[in-house]
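Summary of the model geometry
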Amino acid sequence: MAQVSTAQAKLIDFLRDELAVPTQAIAFALRQPDHGSNLLPMILWQYGLITTEQLDRVFEWMETAA
């Protein structure tokens, strides 16, 4: 994976550890041209790699982690 910020690394850890999102799915989303850290969850959802419920959990986590 490309270099990521600390906040993005924590988000990736959450996605893998709490939501069991496969590393390959995260890597795919990171390769998208508009993968800014706040957009990563939306990209995963847009491509059907996480559910709407998981997306809600990510946003809740992002609120508390900020």
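Rules used in this analysis
Counting from 1, residues in each chain are numbered in the order their sequence is written. Only residues with pLDDT of at least 70 get local features here, since the model is predicted, and only at 80 or more are side-chain atom pairs given and counted; chain-wide, interface and lining totals rely on the full set of residues. Side-chain numbers come from the whole structure's heavy atoms, not from hydrogens or water. Here an axis means a line fitted to C-alpha atoms, over the contact stretch when the element is a helix, while the angle between two N-to-C directions is reported on a 0 to 180 degree scale. Only runs of H or I of at least four residues qualify as helices and only runs of E of at least two qualify as strands under DSSP, and these elements are numbered from the N terminus. Working rule for angles: under 35 degrees goes down as roughly parallel, over 145 as roughly antiparallel, 65 to 115 as roughly perpendicular, anything else as oblique. Note on convention: near helix rotated counterclockwise from far helix by under a right angle means a left-handed crossing. Clockwise means right-handed. Contacts were defined at the residue level, with two residues in contact if any of their heavy atoms lie within 4.5 Å. Side-chain classes are defined by residue name, with Ala, Val, Leu, Ile, Met, Phe, Trp, Tyr, Cys and Pro counting as nonpolar, Asp, Glu, Lys and Arg as charged, and the others, Gly among them, as polar. Residues forming no salt bridge and having over 30% relative accessible area are the ones grouped into patches, like charges within 9 Å of each other and nonpolar side chains (Val, Leu, Ile, Met, Phe, Trp, Tyr) within 5 Å. Here, Shrake-Rupley sampling with a 1.4 Å probe gives the accessible areas, and only protein chains in the shown set may cover a residue. Basic side-chain nitrogens of Lys or Arg form a salt bridge, by our definition, when they fall within 4 Å of a carboxyl oxygen of Asp or Glu. Charge convention: Lys and Arg are scored as positive, Asp and Glu as negative, and His as well as the terminal groups of each chain are ignored. Charge positions are represented by NZ for Lys, CZ for Arg, CG for Asp and CD for Glu. Only protein chains enter the accessibility calculation, which uses a 1.4 Å probe; a residue whose area is less than 20% of its type maximum is buried, one above 50% is exposed, and one in between is partly exposed. The length a helix should cover is 1.5 Å for every residue beyond the first. In this description, the arc belongs to the directions extending from the helix axis to the C-beta atoms. Any pair of Phe, Tyr and Trp rings, taking the six-membered ring for Trp, is counted once the centres come within 6.5 Å. Such a pair is stacked with planes under 30 degrees apart, edge-to-face with planes over 60 apart, and tilted for the rest.

1. A closer look at the packing of helix α1 (residues 6-17) against helix α4 (residues 52-65)
Taken N-terminus to C-terminus, the directions of α1 and α4 make an angle of 140 degrees; their axes are 11 Å apart at the nearest point. In terms of orientation, α1 lies oblique with respect to α4. Between α1 and α4 lies a crossing of right-handed hand. Between α1, through Lys10, Leu11, Phe14 and Leu15, and α4, the contact on the second element is made entirely by Arg57, Val58 and Trp61. The residue makeup of the contact of α1 with α4, split by class, is five nonpolar, no polar and two charged.

2. Some words on a negative patch on the surface
Together, Glu53, Asp56, Glu60 and Glu63 give the surface a local cluster of negative charge. When you line up the elements, glutamate 53 lands in helix α4. Glutamate 53 gets classed as exposed once you look at its relative accessible area, which sits at 57%.

3. A closer look at α1
In this model α1 runs 16 Å from its N-terminal to its C-terminal C-alpha over twelve residues, within 8% of the 16 Å that 1.5 Å per residue would give. Of all the residues in α1, the buried ones are Gln8, Leu11, Ile12, Phe14 and Leu15. Down the axis of α1, the buried set is contained in an arc of 160 degrees. They therefore lie on one face. More than 90 degrees from the buried face of α1, the exposed residues found are Thr6, Lys10 and Asp17. Where α1 is buried, its residues meet α2 (23-30), α3 (40-46) and α4.

4. Examining the packing of aromatic side chains
Inspection of the entire model under this criterion finds two aromatic pairs. Ring centres of phenylalanine 14 and tryptophan 61 lie 5.0 Å apart, and the angle between their planes is 15 degrees; on these two criteria the pair is classed as stacked. Taken as a pair, phenylalanine 14 in helix α1 and tryptophan 61 in helix α4 lie far apart in primary sequence, 47 residues in all. The exposure class of phenylalanine 14 is buried, given its relative accessible area of 9%. The interplanar angle of 90 degrees and the centroid separation of 5.0 Å between the aromatic rings of phenylalanine 28 and tyrosine 47 together place this pair among those described as edge-to-face.

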